[in-house]
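Chain by chain, the residues run as shown.
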Amino acid sequence: MRKIREASSGYLFLLPAFTVFLTFMYYPMLKSIKMSFQTFRNNQYEWAGLANYKTLFTNGDFLNSIIITVTYALVFVLLSICIAVVISLTIEASFSKFQPIFRAAFYLPGVVPGVVMALIWRWFYDPNAGLFNYILSLFGISEQMWLGDPDLALFSLIFMQLCTNLGPFVLIILAGLTSIQRDILESARIDGAGKLAEIIFIKLPQLKPTLLYLLIVQTINAFQVFTPVYLMTNGGPNGATDTIAYLIYSTAFRSGNIGLASAQSIVLMIIISIIALVQVRVLTQKD
């Protein structure tokens, strides 16, 4: 009886958090699954079966958004993790005494709201009065349509994200580096291991759980990118930055097709889940 009372008190403390998750996450998710099989006509929802999913996979816009989102995710995730690792190793090796300063400097951009950051960078990319074209003009280089050129728009967004979102990941990797046992490193140095061998055979393997976490989190965030697209390009030019998240928003709130937007969101959830599972299975395999 005592164990039941102790367990019930624990569940009672969990009840507020569970209620929030149930109300704002699980219920909307189940509602979206239901709505993906419906269409909204005559001010009411009607059962449509798999019609929304058939439209989805025969629609060139959705297939285009998948290609764009996958491209964005591959480039952004790989570059962000590689750059964060290099920065963290450099700080840990050469600027260990100034780590608090570097941690604050890298974390500060992450404190700025995404909306504010997107508006600032939209000015940076402005073709007439932007900072980047001004810098190019100093070297006699003609101005670029950073967000207006289909070949540059997506990579301009990626560059913006790399410059503004690395801070938390640098801090996490630095924390992982400081948790590596010093005696392992000292033994390697006694055996004659150089700096490069120390990084490749000791530090990176020890960072594997940390890098796996960052890989999964970054991939999920990349597939859900919306704010910079909405504020800086509106999916343009010519659909060059029309990611899946922005397409879902456009389908639901501009075209008014809630059923199709729900189907798109369910497919996005399935894609993210599959990729995350594959990443975990591959990267957690024993050597």
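Further up the page is the structure itself.
What you see is a predicted model, and the numbers here were worked out from it, not measured in a lab.

Undergrad: Teacher, can you tell me more about the overall build of the protein chain here?
TA: Within the protein chain, the secondary structure is distributed over 14 helices and two strands. The dimensions of the protein chain, computed from C-alpha atoms along their principal axes, are 80 × 75 × 35 Å. Burial status across the protein chain gives 36% buried among its 287 residues. Expressed as a percentage of contacts within the protein chain between residues at least 6 apart in sequence, the contacts between residues at least 24 apart total 66%. A gap of 13 Å separates the mean positions of the 18 positive and 14 negative side-chain charges of the protein chain.

Undergrad: Just to check I follow, could you spell out the side chain of aspartate 242 for this structure?
TA: Assignment of secondary structure puts aspartate 242 in the loop between α12 (227–233) and α13 (244–254). Salt bridges are absent for the buried aspartate 242, whose nearest opposite-charge side chain, arginine 254, sits at 8.3 Å. Once residues lying within four places of it in the same chain are set aside, the contact partners of aspartate 242 are Ser65, Ile68, Gly235 and Leu247.

Undergrad: Would you explain unusual backbone geometry in this entry?
TA: Leave glycine aside and you will find that most residues have negative phi; peptide bonds, for their part, are mostly trans. Looking along the chain, the bond that leaves glycine 236 and enters proline 237 is cis, with omega of -5°. The topology assignment puts proline 237 in the loop between α12 and α13. Positive phi is not limited to glycine here, since asparagine 238 has a value of about 55°. When you line up the elements, asparagine 238 lands in the loop between α12 and α13.

Undergrad: Just checking my understanding: could you explain the packing of aromatic side chains for this structure?
TA: The geometry of an aromatic ring pair is captured by the separation of the ring centres together with the interplanar angle, meaning the angle of the planes. Tallying each qualifying case throughout the model produces 20 aromatic pairs. Aromatic pair phenylalanine 57 and phenylalanine 62: ring centres 6.2 Å apart, planes at 90°, arrangement edge-to-face. Since its relative accessible area comes to 0%, phenylalanine 62 is described here as buried. Taking the centre distance of 5.7 Å and the plane angle of 40° together, the rings of tyrosine 249 and phenylalanine 253 count as tilted.

Undergrad: What is the right way to read the pattern of salt bridges from this model?
TA: Two side chains bearing opposite charge may form a pair once their charged atoms approach each other closely. Taken as a whole and judged by the stated rule, the model has two salt bridges. In this structure, glutamate 92 and lysine 203 form a salt bridge, with 2.8 Å as the shortest nitrogen-oxygen distance. A residue pair is termed long-range when its members are at least 10 positions apart, and glutamate 92 in helix α3 (residues 60–94) and lysine 203 in helix α10 (residues 195–206) qualify at 111 residues. Accessibility assignment for this pair places glutamate 92 and lysine 203 in one class, buried. Between glutamate 198 and lysine 203 there is a salt bridge, with the nearest N and O atoms lying 3.5 Å from each other. For glutamate 198, a relative accessible area of 2% corresponds to the buried category. According to the relative accessible area criterion, lysine 203 is buried, its value standing at 5%.

Undergrad: I'm lost on the state of the cysteines in this one. Help?
TA: Throughout the structure, instances matching the rule amount to zero disulfides. Looking at the unpaired cysteine 82, the closest cysteine sulfur is the one in cysteine 163, lying at 16 Å.

Undergrad: Whenever I open this one, the layout of surface pockets confuses me. Can you help?
TA: The rolling of a water-molecule-sized probe over the atoms marks out the regions of remaining empty space. Roughly 550 Å³ of internal volume is contained in the largest pocket. Elements that contribute at least two residues to the lining of the largest pocket include exactly α1 (2–35), α13 and α14 (258–283). The greatest single-element share of the lining of the largest pocket, amounting to seven residues, is contributed by α1. Split into classes, the residues belonging to the lining of the largest pocket amount to 13 nonpolar, three polar and no charged. Its volume calculated, the second largest pocket comes out at about 400 Å³. Val112, Gly114, Gln161, Thr164 and Asn165 are, among the 25 residues lining the second largest pocket, the residues nearest its centre. Contributing elements (two or more residues each) for the lining of the second largest pocket: α3, α4 (99–111), α5 (114–124), α7 (153–164), α8 (167–178), α11 (208–223) and α12. No other element matches the four residues that α4 contributes to the lining of the second largest pocket. For the lining of the second largest pocket, a count of residues per class yields 16 nonpolar, nine polar and no charged.

Undergrad: Even after reading the chapter, I still don't get the packing of α5 against α7, so can you show me in this structure?
TA: For any two helices packed against each other, one specifies the crossing angle of their axes together with the interaxial distance. Running from N to C, α5 and α7 point in directions that differ by 125°, and their axes come no closer than 11 Å. Taken together, the axes of α5 and α7 lie oblique to each other. In the crossing of α5 with α7, the sense of the turn from one axis to the other is right-handed. Together, Met117, Ala118 and Trp121 of α5 and Phe159, Met160, Cys163 and Thr164 of α7 make up the contact between the two elements. Its residues placed into classes, the contact of α5 with α7 shows six nonpolar, one polar and no charged.

Quick notes on the rules
Residues numbered from 1 in each chain as written. Predicted model: local features only at pLDDT ≥ 70, side-chain atom pairs only at ≥ 80, totals over all residues. Heavy atoms only, no water. Helix = DSSP H or I, 4+ residues; strand = E, 2+ residues; numbered from the N terminus. Buried < 20%, exposed > 50% of the residue type's maximum accessible area, 1.4 Å probe, protein only. Contact = heavy atoms within 4.5 Å. Lys, Arg positive; Asp, Glu negative; His and termini not counted. Charge placed at Lys NZ, Arg CZ, Asp CG, Glu CD. Salt bridge = Lys/Arg side-chain N within 4 Å of Asp/Glu carboxyl O. Phe/Tyr/Trp six-rings, centres within 6.5 Å; stacked < 30°, edge-to-face > 60°. Disulfide = S-S within 2.5 Å. 1 Å grid on protein atoms, 1.4 Å probe; cavity = no way out; pocket = protein on both sides within 12 Å on 5 of 7 lines; lining within 4 Å. Points joined across faces, edges and corners; volume = space filled by probe spheres on them. Nonpolar A, V, L, I, M, F, W, Y, C, P; charged D, E, K, R; others polar. Axes fitted to C-alpha atoms, helices over the stretch in contact; angles between N-to-C directions. Parallel < 35°, antiparallel > 145°, perpendicular 65-115°, else oblique. Left-handed = near helix turned anticlockwise from the far one by under 90°.

Honestly, that's just the spatial picture; any functional story needs more than this.
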